[in-house]
Amino acid sequence: MRFGFSTAGESHGPAEVVIVHGVPAGLRLLAGDVDRELARRQAGYGRGGRQKIERDRVEFLGGVRHGYTLGSPVAMLVRNRDYANWEHRMNPAPVEDPPDPITLPRPGHADLAGMQKYGFGDLRNVLERSSARETVARVAAGAVARRLLGEFGVRISSAVYRIGGVAMDRALAAAGAEKADLSEVRCPDPEVSERMKAEIDAARHARDALGGEFVVVAEGCPPGLGSYADWRDRLDARLARAIISINAIKGVEIGDAFEAARRRSSEVQDEIVRRGGTLGRASNRLGGLEGGMTNGEPVVVAAAMKPISTIARALRTVDLSTGEEARAFRERADSCAVPAAAVIGEAMVAVVLAEAFLEKFGSDALEDIRASYEHYMRRIGRLSRRPEA
Ligand code: EPS
């Protein structure tokens, strides 16, 4: 089975659930590996009251025994603690006095088209699943992918380089991404972090919300993940799809794509040079991807997130029960979720890279994958041919 995952769960339902399939046998996997990533996703300045309720922790339901994967699907569950407050409104069983339907769709959310598409009279049926709470499950899947990639020296980090009008140089942010966990906004520059927090405070006081931009960096990828041979296999396309599938992401950029569009070719390509007995690049403007494949340089993917659409300063809508103009439905919400989105971006990049890695090096048993990987790296000169190396 190809590496991948499916999720289920409503934001205020009993739990978020994920099944990861195609995980090879023999991979060390502990609850702590997943919980660490879940905690990183929960952090971030600008989150609403919900994160004070939730303490996301994974429960393995299948696919792991005594700390090692079995090659069977890895099933994980993260309970929604808030369900205790929503048991009546979100009960899977019929209830005697159903809650009043919500009929004031929020601009920018899935509400209106979702109600039309599925024939709902209550937008809660849409918002519960379109909620970014679902990304808990994605981050759990990403943690499994990250564990696999970590066996082969692939490290994935992220940094936020813009929140609203406050920004720093993206290349500098990417270079400092491994320090971003120290910042409440995942920005490696402490001075810019403080200005970003002030920007979030100002938006919150104005009963508004902010978006921003983040970059994900994957170091240590071998050359040749993905393929130019078929459009479906191109890794840049697969990364873009995975990133843009994250709630509120409206744009994706590989390397310096938009800057490259303004320059001449000689200023854009990454020249091939000798480096330490092997091949390297003089720059990394193309984000580690050429011809739909990794080229051995760090993979660099940036994303633009629009501001959260649930805001206290409610925008205009139409009440679907009366046909009258009204103000949109309001609910407790985050004022900025860009730092969390960056962690989710890491998870999605990890999943895509793990899938491509296993396509290249096989599946089933970690030991066989390692043999295939080492053979390949020796062949292309990335591992020394000396037996002691
Ligand atoms: C979300 C609305 C808020 C966020 C939620 C995403 O939830 P609630 O309505 O319960 O306050 O907190 O994100 C999470 C719960 C999470 O864990 O990330 C939305 O409408 O998308």
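Conventions used here
- Residues numbered from 1 in each chain as written.
- Predicted model: local features only at pLDDT ≥ 70, side-chain atom pairs only at ≥ 80, totals over all residues.
- Heavy atoms only, no water.
- Pairing = 2+ DSSP bridges.
- Helix = DSSP H or I, 4+ residues; strand = E, 2+ residues; numbered from the N terminus.
- Salt bridge = Lys/Arg side-chain N within 4 Å of Asp/Glu carboxyl O.
- Near = heavy atom within 4 Å.
- Polar contact = N/O pair within 3.5 Å; in protein donor to acceptor, adjacent residues only side chain to side chain.
- Areas by Shrake-Rupley, 256 points an atom, 1.4 Å probe, with all protein chains shown as cover.
- Nonpolar A, V, L, I, M, F, W, Y, C, P; charged D, E, K, R; others polar.
- Phe/Tyr/Trp six-rings, centres within 6.5 Å; stacked < 30°, edge-to-face > 60°.
- Buried < 20%, exposed > 50% of the residue type's maximum accessible area, 1.4 Å probe, protein only.
- Core = buried A, V, L, I, M, F, W, Y, C linked by side-chain atoms within 4.5 Å.
- Contact = heavy atoms within 4.5 Å.
- 1 Å grid on protein atoms, 1.4 Å probe; cavity = no way out; pocket = protein on both sides within 12 Å on 5 of 7 lines; lining within 4 Å.
- Points joined across faces, edges and corners; volume = space filled by probe spheres on them.

(A) Focus on the sheet that holds strand β5 (residues 64–65). The three strands lie next to each other as β3-β6-β5, forming an open sheet whose pairing is antiparallel. Each edge of the sheet is formed by a strand with only one pairing partner; in this case those strands are β3 (25–28) and β5. Inspection of the sheet shows β5 paired to strand β6 (residues 68–70) by two bridges, in the antiparallel sense. Note on β6: the bridge partner recorded for Val64 is Thr69.

(B) Up close: the pattern of salt bridges. One pass over the full model with this rule turns up 42 salt bridges. Note that Arg313 and Asp208 form a salt bridge whose closest N and O atoms lie 3.5 Å from each other. Placement of Arg313 in the loop between β16 (299–305) and β17 (316–318) and of Asp208 in the loop between α7 (190–205) and β10 (212–219) is noted, with a sequence separation of 105 residues between them.

(C) A look at the site of the ligand. His12, Arg41, Arg47, Arg50, Gln51, His109, Ser131, Ala132, Arg133, Glu331, Arg332 and Asp334 make up every residue found near the ligand. Within the side chain of Arg41, one N or O atom sits 2.6 Å away from an oxygen atom of the ligand. In the environment of the ligand, an oxygen atom lies 2.9 Å from a nitrogen or oxygen atom belonging to the backbone of Ala132. Its free accessible area being 460 Å², the ligand has 93% of it covered by the protein chains. Looking at side-chain class alone, the shell around the ligand contains one nonpolar, four polar and seven charged residues.

(D) The arrangement of the packing of aromatic side chains in detail. For the structure on display, the rule yields seven aromatic pairs. Residues Phe361 and Tyr376 carry aromatic rings whose centres are separated by 5.5 Å and whose planes lie at 65° to one another, so their mutual orientation is edge-to-face. Of the two residues, Phe361 sits in helix α10 (residues 338–361) while Tyr376 sits in helix α11 (residues 366–379), which places them 15 residues apart along the sequence. There is no split in this pair, since Phe361 and Tyr376 are both buried.

(E) Geometry of the pairing of strand β2 (residues 15–21). β2 sits mainly inside the fold: five of its seven residues count as buried. Remark: six residues form the turn of the hairpin made by strand β1 (residues 4–8) and β2, two consecutive strands paired antiparallel; Gly9 in that turn has positive phi of roughly 135°.

(F) Spatial organisation of the nonpolar core. Val20, Met76, Ile156, Ile163, Phe214 and Leu353 are the most contacted members of the largest nonpolar core, which totals 85 residues. Of all the elements, α10 adds the most residues to this core, at 16 residues. Not counting residues up to four positions away in its chain, the partners in contact with Phe214 are Ala159, Val160, Tyr161, Ile249, Val301, Ala302, Ala303, Val338, Ala341, Ala342 and Gly345. Within the second largest apolar cluster, six residues are counted, among which are Ile102, Leu123, Val126 and Leu127.

(G) Inspection of the layout of surface pockets at higher detail. Approximately 810 Å³ is the volume found for the largest pocket. In terms of lining residues, the largest pocket is bounded by 38 residues, among which His109, Ser130, Ser131, Ala132 and Arg133 are the most central. Elements represented by at least two residues in the lining of the largest pocket include exactly α2 (50–53), α4 (124–130) and α10. Its residues placed into classes, the lining of the largest pocket shows 14 nonpolar, 13 polar and 11 charged.

(H) A look at unusual backbone geometry. One non-glycine residue with positive phi stands out, namely His66, at about 50°. Along the polypeptide, His66 turns up in the loop between β5 and β6. Of the residues examined, His66 reaches a relative accessible area of 66% and is grouped as exposed. Even without glycine at this site, Ala248 takes up a positive phi of about 75°. Mapped onto the elements, Ala248 comes out in the loop between α8 (235–244) and β11 (249–254). With relative accessibility at 23%, the residue Ala248 sits in the partly exposed group.

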